[in-house]
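Chain by chain, the residues:
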Amino acid sequence: CKSSKVFGGVCAKDTYKQVAKQAMLYAVNTDPLWSPGKHWFVVDHTQEPCVVFDSYGARSPTSSSEFWQGTLGTAYFSDDALQGTTTNVCGDYCVFYVFLHATGAAPRSCFSLLCELGVDTHDRVHCVREMCVCVSFFGTFHNDGVHFSP
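Given the structure is predicted, the values throughout are model-derived calculations rather than measurements.

S.K.: Any details on the overall build of the protein? Residues and values, ideally.
M.R.: Tallying secondary structure elements over the protein gives five helices and eight strands in all. The N-to-C order of helical and strand elements in the protein reads β-β-α-β-β-β-α-β-α-α-α-β-β. In the protein, which comprises 150 residues, the proportion classed as buried is 46%. Considering only residue pairs separated by 6 or more positions, the protein has 50% of its internal contacts joining residues 24 or more positions apart. Accessible surface, the protein as shown: approximately 7,900 Å² in total, 56% of it carbon and sulfur.

Right, here's the structure in full:
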């Protein structure tokens, strides 16, 4: 079993500062801890500046400076919207981004690959959902990293 120590865990936006202590990837929800949650995205602290991967792209609340005021510092945000606002696959995109990163893909390569899936956002949603089924079959995510079966 091969292990990649890149996944730091999941958290709500208001608990992010307490959770994100190491240079790892974190899946973060836009809602506070006490709320049911609305949207998932990834903060990638494995490089400087950090990368915020958000499948909503520039139209996401995570791309505004008010959302991150005093939290991230310098960060790279992708403008590309990978999913429509009526879909519920943001968590699937996060899983697939972490998987790609753990297998050695650079953050911008992850963006490019995900943008090229399918012919439109509807087609891309189906591709990502099916790939996440494969990822869950071959790999498991733990708080101490991502583990892959040969």
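S.K.: Talk me through the packing of aromatic side chains; I want residue IDs and the actual numbers.
M.R.: According to the stated counting rule, one finds three aromatic pairs in the structure shown. A ring pair is formed by Tyr16 and Tyr26, whose centres lie 6.2 Å apart and whose planes are at 90 degrees; its orientation type is edge-to-face. Here Tyr26 lies in strand S3 (residues 25-29) and Tyr16 lies in helix H1 (residues 16-19), a separation of ten residues in the sequence. Side by side, Tyr16 and Tyr26 carry an identical accessibility label, which is buried. Taken together, a centroid distance of 6.2 Å and an interplanar angle of 20 degrees make the contact between Phe96 and Phe99 stacked. Taken together, the residues Phe96 and Phe99, both in helix H3 (residues 90-102) and three residues apart, mark about one turn of the helix. An identical accessibility class is assigned to Phe96 and Phe99; each is buried.

S.K.: Let's hear about the pattern of salt bridges: which residues, and what values?
M.R.: Following the criterion strictly, the structure yields one salt bridge and no others. Salt-bridge contacts for Lys38 lead to Asp31; the nearest nitrogen and oxygen are separated by 3.8 Å. Classification of Asp31 by relative accessible area gives buried; the value is 9%.

What counts, and at which threshold
Residues numbered from 1 in each chain as written. Predicted model: local features only at pLDDT ≥ 70, side-chain atom pairs only at ≥ 80, totals over all residues. Heavy atoms only, no water. Helix = DSSP H or I, 4+ residues; strand = E, 2+ residues; numbered from the N terminus. Buried < 20%, exposed > 50% of the residue type's maximum accessible area, 1.4 Å probe, protein only. Contact = heavy atoms within 4.5 Å. Areas by Shrake-Rupley, 256 points an atom, 1.4 Å probe, with all protein chains shown as cover. Phe/Tyr/Trp six-rings, centres within 6.5 Å; stacked < 30°, edge-to-face > 60°. Salt bridge = Lys/Arg side-chain N within 4 Å of Asp/Glu carboxyl O.

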